[in-house]
Amino acid sequence: MKNNLLTKITVVLLTFALMGDMVVIPAAGGIFTTFYDANPALLNFILTGPMLISVAASFLCGFLARTISKKYLLIGGYVLFIVAACGGALIDNIYYVVTMRAIAGFTYGIVGTAATGLIAEIFLDEKVRSFMMGAYNAAMSAVGVILSLISGFLAVGNWHNSFYIYLAAIPILIMAIAFLPKTPPEGKASADASANTDRLPLGKFLPVAAAFLLLSALYYIVVYFIAIYVEEMKLGDASTAGIFGSASTVGSFVACMLFSVIYMRLKRATPIVVFLVMAAAYIVMAFPSNIWVVGIMCLLSGAAYGLGMSYYFMHSSMIVPAGVMSLAMGIINAVIGLGGFFSSYALELYKGVFHAETMAPTFMYIGITLAIGGILSIILTIRAGKNPVNVENTNA
């Protein structure tokens, strides 16, 4: 019953809340015009602040799941999201909008952590779980594109119109209430288990989180700074950068949808493909080329990251016990936000260390770093003896 089709559809649709920023970004011009005399820090927070707040909320949700069912966390998170998102444009006051955006960011962390934790808890079969992890991450890419397109169209007349899109969260909330299974708090589940299941295996988990943080920080460099790269390489204008961004999203969507097929064949060897493909994309973009080549490289880098993101969620769910599943999922969710946050600093670090004034030369060194990551993945896979991951998170 808990693995039926409606449950799977509901879990995938939960990603709507996580892509809420894609409604605001196309409306940013109108928002900035309305609050033209506001503190720039407040304006920037409207765009990027929620992502940073989601990092703290992800950790918090991991601990809350010890005493609260993930279904209740998801319902509570969605109620808060609807209030903050739909109400975000009701009052033209900068402090009000900032407050609503902060609450929305808080719900990103709650929903993202509880949803991935729920996937790991109710889909015990490895093949089914890998499919759901891939479908969940693919849905984020698809929802992001759809929300961005609709919001851009609605914001042409008045930026307030974009916020009507958030009303679509109401039927998703109803589906969550109706179709998500009520699971026991993880603290109770671990207390009922015969083995000790309430400790995070740091020796196994921290290297996984660190590898994903490196991958995220390096990937988001091309995501956030593609417009600057396009200008420096004289490849086009802002519309060209937009096309490259869309190519990355399409690549991520396709890779996530194919994740289960790839993962079930490669298992722990999956990061080898992830790091080497992204390394190749960066190295190719370090040299002069045309828009077609760069577009393909953006497609490949997005595909590599989508595959990597799905893998690190999946692998983490296979190596941690049930009692700390949401904490692990919260950390992995937080890593995505931290990677985006640290990407600008990573770019400046590469520029400073290698004395590069433009982005293209740094891409070579970023690619080399990723290639080293691929080589380390090969070594670790060989050391693991190609043995399947031991599933430690089975429910009692």
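If you're wondering where the values come from, they're calculated on a predicted model, not measured in any experiment.

Asker: Help me understand the overall build of the protein, please; the structure alone is not making it clear to me.
Answerer: Summing up its helical and strand segments, the protein has 18 helices and zero strands in all. Taking 21 Å as the expected radius of gyration for a compact globule of 396 residues, we find that the protein reaches 21 Å, a close match to that expectation. Considered along the principal axes of its C-alpha atoms, the protein spans approximately 60 × 55 × 35 Å. Out of the 396 residues in the protein, the part that is buried amounts to 54%. When contacts within the protein are restricted to residue pairs at least 6 apart in sequence, those whose partners lie at least 24 apart make up 84%. As presented, the protein carries roughly 17100 Å² of accessible surface, and 71% of it is formed by carbon and sulfur atoms.

Asker: How should helix H11 (residues 202-224) be read in this particular structure?
Answerer: Every α-helical turn comprises 3.6 residues, leaving residues that sit three or four positions apart pointing alike. The end-to-end C-alpha distance of H11, which contains 23 residues, comes to 31 Å, matching closely the 33 Å that a straight helix rising 1.5 Å per residue would cover. Turning to H11, its buried residues number three or more, namely Phe205, Val208, Ala209, Phe212, Leu215, Ser216, Ala217, Leu218, Tyr219, Tyr220, Ile221 and Val222. Here the buried face of H11 lies against helix H12 (226-232), helix H13 (238-257), helix H15 (270-285), helix H16 (291-319), helix H17 (325-353) and helix H18 (359-383).

Asker: What should I look at first to understand empty space enclosed by the protein in this one?
Answerer: Summed over the entire model, instances satisfying the criterion amount to three cavities of 30 Å³ or more. Of the volumes computed, that of the second largest cavity is approximately 50 Å³. For the second largest cavity, the full set of lining residues is Ala84, Ala85, Gly88, Met100, Arg101, Ala104, Tyr108, Phe163 and Tyr166. Broken down by secondary-structure element, the contributors of at least two residues to the lining of the second largest cavity are helix H6 (70-86) and helix H7 (94-122). For the lining of the second largest cavity, a count of residues per class yields seven nonpolar, one polar and one charged.

Asker: What am I meant to see in the side chain of Ser377 here?
Answerer: Looking at where Ser377 falls in the secondary structure, it is placed in helix H18. On the accessibility criterion, Ser377 (11% relative accessible area) is buried. Residue contacts for Ser377: discarding those within four places in its chain leaves Pro271, Ile272 and Phe275.

Asker: Help me understand helix H1 (residues 5-13), please; the structure alone is not making it clear to me.
Answerer: Among all positions in H1, only Thr7, Thr10 and Val11 are buried. Mapping the buried residues of H1 onto a view down its axis gives an arc of 100°, with all of them on the same face. As for H1, its buried residues are in contact with helix H2 (15-18), H7, helix H8 (126-155) and helix H9 (169-179).

Cut-off values and rules
Residues numbered from 1 in each chain as written. Predicted model: local features only at pLDDT ≥ 70, side-chain atom pairs only at ≥ 80, totals over all residues. Heavy atoms only, no water. Helix = DSSP H or I, 4+ residues; strand = E, 2+ residues; numbered from the N terminus. Rg over C-alpha atoms; globule rule 2.2 N^0.38 Å. Buried < 20%, exposed > 50% of the residue type's maximum accessible area, 1.4 Å probe, protein only. Contact = heavy atoms within 4.5 Å. Areas by Shrake-Rupley, 256 points an atom, 1.4 Å probe, with all protein chains shown as cover. Expected span 1.5 Å × (residues − 1). 1 Å grid on protein atoms, 1.4 Å probe; cavity = no way out; pocket = protein on both sides within 12 Å on 5 of 7 lines; lining within 4 Å. Points joined across faces, edges and corners; volume = space filled by probe spheres on them. Nonpolar A, V, L, I, M, F, W, Y, C, P; charged D, E, K, R; others polar. Arc of directions from axis to C-beta.

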